[in-house]
Amino acid sequence: MSAPLTLIRLGDSPLLTREHIPGMDPSGVFNPGAVRVDGKTLLMLRVQTRGRRTFCMPAVSEDGLGFKVAAEPAQFFGLPDMHVFHNYDARLTMLEDQLMVVTALDTDKGCRCAIWKAAGHPANGFAGLERLEFISLAGDQDTRNAVLFPEKIGDQYAMLHRPNQTALDGGPISGSAIHCCVSDDLLNWQDRGEVMGGHFHFWDELIGSGPPPIKTRGGWLHLYHGVATHFQSTNIYQAGAVLLDLDDPTRVLARTQNNILEPRQSWELTGQVPNVVFPSGATCSDTDREGFAPEDAILRVYYGAADTVIGLAENTVGAIMAACHQESF
Ligand code: BMA
């Protein structure tokens, strides 16, 4: 039988759990951003305390498997005067040699997405992630799951995000369409419209961007989460992938008909929020001289599981691209 066109877990256990967070006894550590800098893997962990307060904690690894977690949460500076309850689900992008972070902000006016730059001291070992300086908000709309592209497209910066438009039964408002917005200066963002929508009745009814897109010769490879909401009171969070046109990322070239990762392990099926795999960080083992990820490069996906722990799954870039083109069965 040929190798599966899905993400394959590295082992049966979570990669990171609350025991890995020094000096705290948090309820969960999940939904990490990820990036490779100078051969090291950096994560920004979402750590939730027993008071249901949220911290972002940098972590660093030589091999992408064993992580050293910072002693202190990341410090955020320069946010305009607004009432923020939580700052969470960081996505990490290296853009023009600057490490950028995009987070979701739960505020008294709904959810906003904030763009930050890593401004800590590289000598501290966390590629500057211990100090974040505010750059801008992704507009003034209720939105979540914003991710920056790792380079300009044409002459503009580009970002994917997921406007919140749908009220979940008893839960927060969510959304069923990923949009693209562009900017000349990373400060002012204009919406370029919808990139893709959810498929009602199937695995990806509600959707939202996962890690930042990866440039391949077959298009921007982008992982996203899909939520199946039709299981009575249980929502199931899964991962899928899409290829977007390199020059016009509002154009979908191919999209997985099946999910490529779904909750199956006990620690994905149970936890603070059951039945959740939430891909938020990805690293690629290799890029060619022109910055494209070759098909035999290994794509590692760091994901939140059940809003409690972090898992790691991988496959080749080529396998996930092939999954985008595979017919449903
Ligand atoms: C989403 C976000 C994520 C969370 C997921 C599952 O709407 O809030 O942060 O992991 O729900 O609870």
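Residues numbered from 1 in each chain as written. Predicted model: local features only at pLDDT ≥ 70, side-chain atom pairs only at ≥ 80, totals over all residues. Heavy atoms only, no water.

Visitor: Would you mind going over the sheet that holds strand β15 (residues 177-183) in detail, with residue names and values included?
Guide: The strands that make up a sheet are held in pairs by hydrogen bonds between backbone atoms, and each pair lies either parallel or antiparallel. Pairing in this open sheet of 4 strands is antiparallel, and the strands run β11-β12-β15-β16 from one edge to the other. Looking along the sheet, the strands with just one partner apiece sit at the ends: β11 (143-148) and β16 (190-197). Sheet twist, expressed as the mean angle between neighbouring strand axes with direction ignored, is 25°. Sheet topology places strand β12 (residues 157-163) next to β15; 5 bridges connect them, and they run antiparallel. What sits directly across from histidine 161, in β15, is histidine 179. (Pairing = 2+ DSSP bridges. Helix = DSSP H or I, 4+ residues; strand = E, 2+ residues; numbered from the N terminus. Axes fitted to C-alpha atoms, helices over the stretch in contact; angles between N-to-C directions.)

Visitor: Describe in detail the pairing of strand β3 (residues 40-48), supporting the description with residues and values.
Guide: Counting buried positions along β3 gives 8 out of 9 residues, so the element sits mostly inside the fold. Of the pairings in the sheet, the one linking β3 to strand β4 (residues 54-61) comprises 8 bridges and is antiparallel in character. Residue methionine 44 lies in a different strand from β4, and its bridge partner there is proline 58. (Buried < 20%, exposed > 50% of the residue type's maximum accessible area, 1.4 Å probe, protein only.)

Visitor: Account for the sheet that holds β4, with residues named and values stated.
Guide: Strand order in the open sheet formed by 4 strands is β2-β3-β4-β5, and the pairing between neighbours is antiparallel. A strand with exactly one partner marks an edge of an open sheet, and here the two such strands are β2 (28-37) and β5 (68-69). Here 2 bridges tie β4 to β5, and the two strands are oriented antiparallel to one another. Directly across from alanine 59, in β5, lies its bridge partner valine 69.

Visitor: Now, about the side chain of threonine 216: what can you tell me, with residues and values included?
Guide: Looking at the secondary structure, you find threonine 216 in strand β18 (residues 214-216). Owing to a relative accessible area of 0%, threonine 216 belongs among the buried residues under this scheme. Within the structure, the side chain of threonine 216 is placed 2.6 Å from the backbone oxygen of glycine 219, a separation counted as a polar contact. (Polar contact = N/O pair within 3.5 Å; in protein donor to acceptor, adjacent residues only side chain to side chain.)

Visitor: Describe the pattern of salt bridges, and please don't skip the residues or the numbers.
Guide: Scanning the model with the defined rule gives 15 salt bridges in all. Arginine 9 is the salt-bridge partner of glutamate 268, the closest N and O atoms lying 2.9 Å from each other. Pair noted here: glutamate 268 is in helix α1 (residues 266-269) and arginine 9 is in strand β1 (residues 8-9), with a separation of 259 residues, a long-range link. With a shortest N-O distance of 3.2 Å, lysine 215 and glutamate 151 are connected by a salt bridge. Taken as a pair, lysine 215 in strand β18 and glutamate 151 in the loop between β11 and β12 lie far apart in primary sequence, 64 residues in all. Residue class for lysine 215 comes out buried when judged on its relative accessible area of 13%. Under the relative-accessibility criterion, glutamate 151 is labelled partly exposed at 31%. Each member of the salt-bridge network shares a partner with another, and the members are Arg217, Asp288 and Glu290. (Salt bridge = Lys/Arg side-chain N within 4 Å of Asp/Glu carboxyl O.)

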